[in-house]
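One letter stands for each residue in the lines below.
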Amino acid sequence: MVSYKRLNPEDIQFSGALLSEEPRPVREELSVPEQEDSNLLPRRPTCSVTTGLLVLGFLLLLLCGGWLLGTMFWLHRPSSQDPRRPPSPAAAPTLEYNEKKGVNSTEAAARHEACTLIPEAWRFDCYPERSVVVTQDLCEARNCCFIPASGKDGIPWCFYPPDFPSYSLLSINDTTLGKKGMLVKDVKTYYPADILTLGLEMRYETDSRLHVRITDSSSSRFEVPIPVPTATKKAENPDYIVEFSKTPFGLIVKRKSTGTVLLNTTVAPLFFADQFLQISTSLPSQFIYGLGEHRSTFLHDVHWNTLTMWARDVPPMEQTNLYGAHPFYLSMEDGGNAHGFFLLNSNAMDVALQPAPALTWRAIGGILDFYIFLGPDPGAVIEQYIEVIGFPAMPVYWALGYHLCRWGYNTSDSTWEVVKRLRNNGIPQDAQWNDIDYMDRFMDFTIDPTKFSTLPDMVKDLHAHDQRYVMILDPGISSTQPEGTYWPFDEGLRRDVFIKDAEGKTLIGKVWPGLTAYPDFSDEVAHEWWYDNLKRFYDMVPFDGLWIDMNEPSNFLDGSTNGCPSNSLENPPYTPGVLGGLLRSKTLCATAQQKQSMHYNIHSLYGLMEAKASASALKRLIPKRPFIISRSTFPSQGQYSGHWLGDNRSQWKDMYTSIAGMLTFNLLGIPLVGADICGFSEEPQEELCIRWTQLGAFYPFTRNHNAIDMMPQDPTAFSAYAKTAMTQALLLRYSLYPTLYTLFHHAHLHGHTVARPIMFEFPKDVRTYGIDKQFLWGKSLLVTPVLEPGVDYVIGYFPEGLWYDYYTGDAMQSTGEEVKLSAPLDKINLHLREGAVIPTQAPNLTLWVSSGQPLHLVSALSDDGSASGDLFWDDGESIDTYETDKYAYIIFNVAKNVMTSQVLHNNVEATYITVESTTFYGVKNKPSRVLVNSQEAAFTYRTNQVLTVSNLGLKLSQNFTISWM
């Protein structure tokens, strides 16, 4: 009865329900001016009422009762102030906190009355432990309010009273970067090992970035070992105002331009115990995104919804901690502004959302190290976040092609046959993959000598056809082979690269090859050992990329073959809502020893550290951009790998939720992301596979993958109609390669999203805030897939403006409305937003061939006849081409019936292709003549106001002009 009901996406309501809620109660803030420099004493609990003062107390109670009634009237009165500010911690009489003494009936009545004044939406859970039936006695033992909320799911029955003891701000002083202060408290709470004196540091790092650290002032604690920017001077004109509440301590951050409260930690007490850190804040709206990795809608539900972060091997399902941990959220504000919040903490944690709206972070280790990003638009928020965690790598060109895989090819010859079938049917393919069935008894860095004996020949054939080969690797290294027969384990023992148990012995778990040891990728020695293993395998099979799986790390056992010790690391005072209920559930012991820290602290970093080691190794093996796809991820992972969304099912719902996953990971700085097309498990359905291939053609990372014992689901496995429809979708993707490649350049250089939520481009249109059935490529190409069976239409939302059907150029002027679109089984709807110029190419069977084809430019003119676009071009595979000036960058502009190209940066690669044709959507009058570099040119003009100029033969490396009159 105490735990939150976990909601499924189908239970979640958006849009109208969110926008029609009544205003929330107002609170009066306690703050001190930012400039104040003073020593502050902590507030102590008030003395209990003695027997001799009962009469006086009763009279005071009557007075308080009258005041409370007035307060209740004030709380519920209409207000013109901000409705999203929480009720004041001082809105009720001060209550006593005393574990040893009881309270008399008068005090109890006052306490109960004060508790009832706290609105349900603002009740912060005082007993968040799961699997506990919280009684009044248990709750009041924590000196919290107990009010059953019968019939109301999620509302905590046990919640903090207004005067629950917390820290006080003892001092605050200016520094060269911001401020430093000291927090103290003299009353311990109900979690053990309270840290009573804390250090507070606030760094005004940039005008749009505030960095706050709350640490143990007397001893060091674990901090996440990823590099972050180091500010050298204080922001001169910050977009934020910082205020403090002294007693209890609270931090309030406002947007200077609007006064919107972005962070307000006064809403609930601050906890900082050795294994329990908690901080809460109000939110300016119910529109919150990010907080990966979870399977959910793109817009999170704030109605008593708790999200757990602790990397876990589990097929995607709702309300479960999945493969990665990303403690970052994006929040929209009134008027279209946005801000972001990043908690740099890798310990297991819960993030509790409640409808106030408010949010609570509960972590079981580390420190409170967080950033606030001021945007002000959502795209700018993501850029600022990625500037902290690191910009994503520029992918190698073939990463953006069509990839094919399955678990269960069984032999290299059968794998090879699938590749040949795709070629013979004219289906584009850039990469062929193998799952664990290529290995000898599922052991890393081996080949099944019988079933996959022709694998080296297959890879040679792929390379001869400009195609690439990717293999899977799991981190678990077989530990049971006879000594001297399995080099990876023998050499790993010799170099001491494996994770240890609490006794210092090699920890043994169990994965696909049986009993296994786990490399400690937090140790540079393991990185060198990993490279040596890859090199030995590469000498046998010259692979092109890596698929690193099972790297949460996954374990078929709980902990190890010897179990785990019984201590506070394995069984912390508070365990977040991890699947299985234990930190060691299907992974390693929390007490496992690694080079940089206990596994308790760095478990969720395992996939990141393996990706970093793999990227480094591939750069040494193949002096080109490394291609890596990882299952487990953590902030900054985009620098080293992409991600796929895990072991999904062949279900329509899974196809739909993949869009939210794709959009979320673009927010999280990992734009190279996609889901298994057609689904991984369960039998594929032809209609579903057609529709999913159409959608998957617009995943930034496009791979078809299915499970062992399932029917094949590559395009050749279906009817002639289905095969044709899938081929058309893939060729469409290949034709848009120049546009997609340029989007990845901007992601690498600026931190932009590739697959983009519609609200990013229309932040003032609240109707876009919950849309996750459509998305954009960049700012201009709108994708509206069919996500339901048995229909030949789809309803899409078109924000205000002029939109063009990508295929025909037919124009549609929208006022911000839903439109029913024709969608036969062989079509996915695409629309171009006014004002865009996008480059395309004639598609071919591989991107190597396609990328050499002439360009065709498509311009979608605004009502005033203007449009713009760009193209980034290089050799597609060399490392750091932008950083070493080995690239071409061209911008295209259309205004007043004239298109111009301007080469801002030139390179020999731009001399290899030409601009062969261009089409203009929205040319209102038929031209009498068209000039190309002042020379007459032939053209066609259609009645739907589409102008096409062909046979141009223009050099991309030189400026040109096309005009009409």
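Residues numbered from 1 in each chain as written. Predicted model: local features only at pLDDT ≥ 70, side-chain atom pairs only at ≥ 80, totals over all residues. Heavy atoms only, no water.

### Brief notes about unusual backbone geometry
- With an omega of 5°, the peptide bond running from Gly 292 to Glu 293 counts as cis.
- Along the polypeptide, Glu 293 turns up in the loop between strand 12 (288-292) and strand 13 (305-309).
- Note that the residue after Gly 375, namely Pro 376, is joined by a cis bond; omega there is 20°.
- Among the structural elements, Pro 376 can be located in the loop between strand 18 (368-373) and helix 5 (378-389).
- In the Ramachandran plot, Leu 291 falls in the positive-phi region, its phi being about 50° despite a non-glycine side chain.
- Along the polypeptide, Leu 291 turns up in strand 12.
- Phi is positive for Glu 682, which is not a glycine, with a value near 75°.
- Checked against the element boundaries, Glu 682 lands in the loop between strand 29 (676-677) and helix 13 (686-696).
- Taking the relative accessible area as the measure of exposure, Glu 682 reaches 31% and is therefore partly exposed. (Helix = DSSP H or I, 4+ residues; strand = E, 2+ residues; numbered from the N terminus. Buried < 20%, exposed > 50% of the residue type's maximum accessible area, 1.4 Å probe, protein only.)

### Some words on the state of the cysteines
- Here the structure, examined in full by the defined rule, presents five disulfides.
- Note that Cys 564 is cross-linked by a disulfide to Cys 589, the S-S spacing being 2.0 Å. Measuring handedness by torsion sign, the sulfur bridge of Cys 564 and Cys 589 sits at about -85° and is left-handed. Separated by 25 residues along the polypeptide, Cys 564 in the loop between strand 25 (545-548) and helix 10 (599-602) and Cys 589 in the loop between strand 25 and helix 10 bring together distant segments of the chain.
- On the basis of relative accessibility, which here comes to 22%, the residue Cys 564 falls in the partly exposed class.
- Counting only the cysteines that form disulfides, in the order they appear in the protein, gives the pairing 1-5, 2-4, 3-6, 7-8, 9-10. (Disulfide = S-S within 2.5 Å.)

### Describing the environment of Leu 138
- Take Leu 138: it is sitting in helix 4 (residues 136-141).
- Distance from Leu 138 to Tyr 127, taken between C-alpha atoms, is 8.7 Å for residues eleven residues apart in sequence.
- Apart from residues lying up to four places away in sequence, Leu 138 is in contact with Tyr 127, Val 132 and Val 133. (Contact = heavy atoms within 4.5 Å.)

### A closer look at the sheet that holds strand 8 (residues 250-255)
- Strand order in the open sheet formed by three strands is 7-8-9, with antiparallel pairing between adjacent strands. The two strands at the open ends of the sheet, each matched to only one other strand, are strand 7 (240-245) and strand 9 (261-264). Each strand axis lies, on average, 15° off the axis of its neighbour in the sheet, ignoring direction.
- When strand 7 meets strand 8, the two strands line up antiparallel, connected through six bridges. Residue pairing for strand 8: Ile 241 is matched across the bridge by Lys 254. (Pairing = 2+ DSSP bridges. Axes fitted to C-alpha atoms, helices over the stretch in contact; angles between N-to-C directions.)

### Points about the packing of aromatic side chains
- According to the stated counting rule, one finds 57 aromatic pairs in the structure shown.
- On the basis of an interplanar angle of 70° and a centroid distance of 6.2 Å, the ring pair of Phe 146 and Trp 157 is categorised as edge-to-face. Of the two residues, Phe 146 is situated in strand 1 (residues 145-146) and Trp 157 in the loop between strand 1 and strand 2 (158-159); the sequence distance between them amounts to eleven residues. The same class applies to Phe 146 as to Trp 157, namely buried.
- Each residue in the set Tyr 160, Phe 164, Tyr 190, Tyr 191, Phe 271, Phe 276 and Tyr 574 is aromatic and connected to the rest through ring pairs, giving one cluster. (Phe/Tyr/Trp six-rings, centres within 6.5 Å; stacked < 30°, edge-to-face > 60°.)

### Quick word on helix 14 (residues 720-735)
- Over its 16 residues, helix 14 runs 22 Å from end to end, which matches the ideal 22 Å to within 8%, given 1.5 Å per residue.
- Those residues of helix 14 lying buried are Ala 722, Ala 725, Met 726, Thr 727, Ala 729, Leu 730, Leu 732, Arg 733, Tyr 734 and Ser 735. (Expected span 1.5 Å × (residues − 1).)

### Re the side chain of Arg 756
- Its location among the elements puts Arg 756 in strand 31 (residues 755-756).
- For Arg 756, a relative accessible area of 10% puts it in the buried group.
- Side-chain polar atoms of Arg 756 contact the side chain of Thr 753, separated by 2.8 Å.
- In this structure Arg 756 touches Leu 663, Glu 761, Phe 775, Leu 776, Gly 778 and Lys 779, once residues within four positions along its chain are discounted. (Polar contact = N/O pair within 3.5 Å; in protein donor to acceptor, adjacent residues only side chain to side chain.)

### Things to note about the pattern of salt bridges
- Tallied over the full model, the rule gives 40 salt bridges.
- The residue Glu 761 makes a salt bridge to Arg 756 at a minimum N-O spacing of 2.9 Å.
- Looking at Glu 761, the relative accessible area reads 21%, which means it is partly exposed.
- Between Arg 929 and Glu 936 there is a salt bridge, with the nearest N and O atoms lying 2.7 Å from each other.
- Given the relative accessible area of 33%, Arg 929 is considered partly exposed.
- One connected set of salt bridges, linked through shared partners, spans Glu 201, Arg 203, Arg 213, Glu 223 and Asp 369. (Salt bridge = Lys/Arg side-chain N within 4 Å of Asp/Glu carboxyl O.)

### Some thoughts on the packing of helix 6 (residues 412-424) against helix 7 (residues 455-464)
- For the pair helix 6 and helix 7, interaxial distance at closest approach is 9 Å and the crossing angle is 20°. When the interaxial angle is binned, helix 6 and helix 7 end up roughly parallel. Every pair of crossing elements has a handedness; the one defined by helix 6 and helix 7 is left-handed. Where helix 6 approaches helix 7, its residues Ser 412, Thr 415, Trp 416, Val 419 and Arg 423 are matched on the opposing element by Leu 455, Asp 457, Met 458, Asp 461 and Leu 462. (Parallel < 35°, antiparallel > 145°, perpendicular 65-115°, else oblique. Left-handed = near helix turned anticlockwise from the far one by under 90°.)

### Some details on the pairing of strand 42 (residues 888-895)
- With six of its eight residues buried, strand 42 lies for the most part within the structure.
- One ladder, built from seven bridges, connects strand 42 with strand 43 (residues 898-905); its direction is antiparallel. Bridged to Asn 893 within strand 43 is Thr 900.

### Description of the packing of helix 8 (residues 487-495) against helix 9 (residues 524-538)
- Running from N to C, helix 8 and helix 9 cross one another at 155°; their axes reach a closest spacing of 11 Å. Comparing their axes, helix 9 and helix 8 come out roughly antiparallel. Crossing of helix 8 against helix 9: the hand is right-handed. Between helix 8 and helix 9, the contacting residues are Trp 487, Pro 488, Glu 491, Gly 492 and Arg 495 on the first element and Val 525, Glu 528, Trp 529, Asp 532, Asn 533 and Arg 536 on the second.
- Taken together, the residues that form the contact of helix 8 with helix 9 break down as four nonpolar, two polar and five charged. (Nonpolar A, V, L, I, M, F, W, Y, C, P; charged D, E, K, R; others polar.)

### A look at helix 15 (residues 737-750)
- The end-to-end C-alpha separation of helix 15 is 20 Å, in line with the 20 Å expected for 14 residues at 1.5 Å each.
- A large share of helix 15 lies buried, amounting to twelve of its 14 residues.
- All buried positions along helix 15 are accounted for by Tyr 737, Pro 738, Thr 739, Leu 740, Tyr 741, Thr 742, Leu 743, Phe 744, His 745, His 746, Ala 747 and His 748.
- Trailing helix 15 by a residue or two, Gly 751 shows a phi angle of about 80°, which is positive.

### What about the sheet that holds strand 33 (residues 781-784)?
- Spatially, the six strands line up as an open sheet ordered 31-32-33-38-35-36, and their pairing is antiparallel. Strands at the two margins of the open sheet, each flanked by one partner only, are strand 31 and strand 36 (811-814).
- One ladder, built from three bridges, connects strand 32 (residues 775-777) with strand 33; its direction is antiparallel. Bridge pairing links Phe 775 to Val 783 in strand 33.

### Side note on the side chain of Glu 129
- Along the chain, the position of Glu 129 falls in the loop between helix 3 (105-116) and helix 4.
- Side-chain polar atoms of Glu 129 contact the side chain of Tyr 191, separated by 2.5 Å.

### Some points on the confidence of the model for the protein
- Confidence in the prediction of the protein, expressed as mean pLDDT, is 91, and 89% of residues score 70 or more.
- A low-confidence stretch, residues 1-85 (pLDDT under 50), is modelled with 148 contacts involving residues beyond four sequence positions or located in other chains. (pLDDT = per-residue confidence, 0-100.)

### Describing a nonpolar patch on the surface
- Together, Phe 442, Trp 512 and Phe 556 give the surface a local cluster of nonpolar side chains, amounting to about 250 Å² of exposed area.
- The residue Trp 512 is located in the loop between strand 23 (509-511) and strand 24 (514-517) in this model.
- Taking relative accessible area as the criterion, Trp 512 reaches 33% and is therefore assigned partly exposed. (Patch = residues over 30% accessible without salt bridge, like charges linked within 9 Å, V, L, I, M, F, W, Y side chains within 5 Å. Areas by Shrake-Rupley, 256 points an atom, 1.4 Å probe, with all protein chains shown as cover.)

### Some words on the environment of Gly 426
- Position of Gly 426 among the secondary structure elements: in the loop between helix 6 and strand 20 (431-434).
- A C-alpha to C-alpha distance of 7.8 Å links Gly 426 and Thr 727, two positions 301 residues apart in sequence.

### As for the environment of Lys 896
- Positionally, Lys 896 belongs in the loop between strand 42 and strand 43.
- Owing to a relative accessible area of 78%, Lys 896 belongs among the exposed residues under this scheme.

### As for the pairing of strand 30 (residues 702-706)
- Of all the five residues making up strand 30, five are buried; the element is thus mostly covered by neighbouring parts of the structure.
- Sheet topology places strand 19 (residues 402-406) next to strand 30; five bridges connect them, and they run parallel. In the strand pairing of strand 30, Leu 404 is matched with Asn 704.
- Where strand 29 lies against strand 30, two bridges are found, and the strand directions are parallel.

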